[in-house]
Amino acid sequence: EKSFRIFKNSMGIDNIKTKWVLFELGLVYKKEGALEKAKEVFEDCLINYTKQYGKDNINIAKILKNLGEIYFLKEDLENAEYYLKKALRIYENGYA
């Protein structure tokens, strides 16, 4: 986490590499079971990636899928379904 802050400060949050590192950090948190941290990271990713790519991009679908999985693991099935359906819609539409 400290390494990411240093990286972000040197590269800037709008840098594509920073966004990729942030996404990977979310995956690490999810794998470790730090679901609340992972959720926060993916919510940040969603905001940052949407600014750059729009709402129907494959990267957005990946973030939404991860948010859906996190909510599923937290047994919040309503939100899990919401995010997974949004991701599926992008995948089915062939994404931009």
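See above for the structure.
Just so it is clear, the model here is predicted, and its values are computed rather than measured.

Q: Explain the overall build of the protein chain to me, and be specific about the residues and the numbers.
A: A count of helical and extended segments in the protein chain gives five helices and zero strands. Each helix (α) and strand (β) of the protein chain, taken in turn from the N terminus, gives the series α-α-α-α-α. Expressed as a percentage of its 96 residues, the buried residues of the protein chain come to 33%. The long-range share in the protein chain, meaning contacts at least 24 apart out of those at least 6 apart in sequence, stands at 49%. Total accessible area on the protein chain is roughly 6,100 Å²; 55% of this is exposed by carbon and sulfur atoms.

Q: Explain the packing of helix 3 (residues 35-53) against helix 4 (residues 58-73) to me, and be specific about the residues and the numbers.
A: Running from N to C, helix 3 and helix 4 cross one another at 160°; their axes reach a closest spacing of 9 Å. In terms of orientation, helix 3 lies roughly antiparallel with respect to helix 4. The crossing of helix 3 and helix 4 is left-handed. Contacts between helix 3 and helix 4 involve L35, A38, K39, F42, E43, C45, L46, Y49, T50 and Y53 from the first element and N59, I60, I63, L64, N66, L67, I70, Y71 and L73 from the second. Each residue belonging to the contact of helix 3 with helix 4 can be placed in one class, and the counts come to 14 nonpolar, three polar and two charged.

Conventions adopted
Residue numbers run consecutively from 1 along every chain, following the written order of its sequence. Where totals are concerned, whole chains, interfaces and linings use all residues; where local detail is concerned, this predicted model gives features only for residues with pLDDT of at least 70, and gives and counts side-chain atom pairs only at 80 or more. Note that the side-chain values use all heavy atoms of the structure and ignore hydrogens as well as water. Each helix is a run of DSSP H or I of at least 4 residues and each strand a run of E of at least 2, with the numbering of both proceeding from the N terminus. Buried means the residue's accessible area, taken with a 1.4 Å probe over protein chains only, is under 20% of the maximum for its type, while exposed means over 50%, and partly exposed covers the values in between. By definition in these notes, contact holds between two residues if any of their heavy atoms fall within 4.5 Å. To measure how exposed things are, a 1.4 Å probe is used in the Shrake-Rupley method; for residues, cover is taken only from the protein chains shown. Each axis is a line fitted through C-alpha atoms, and for a helix only the stretch in contact is used; angles between axes span 0 to 180 degrees, taken between their N-to-C directions. Roughly parallel covers angles under 35 degrees, roughly antiparallel covers those over 145, roughly perpendicular covers 65 to 115, and oblique covers all other angles. Crossings are assigned a handedness: left-handed for a near helix turned anticlockwise from the far helix by less than a right angle, right-handed for a clockwise turn. Under the convention adopted here, Pro, Cys and the residues Ala, Val, Leu, Ile, Met, Phe, Trp and Tyr are nonpolar, Asp, Glu, Lys and Arg are charged, and Gly plus all remaining residues are polar.

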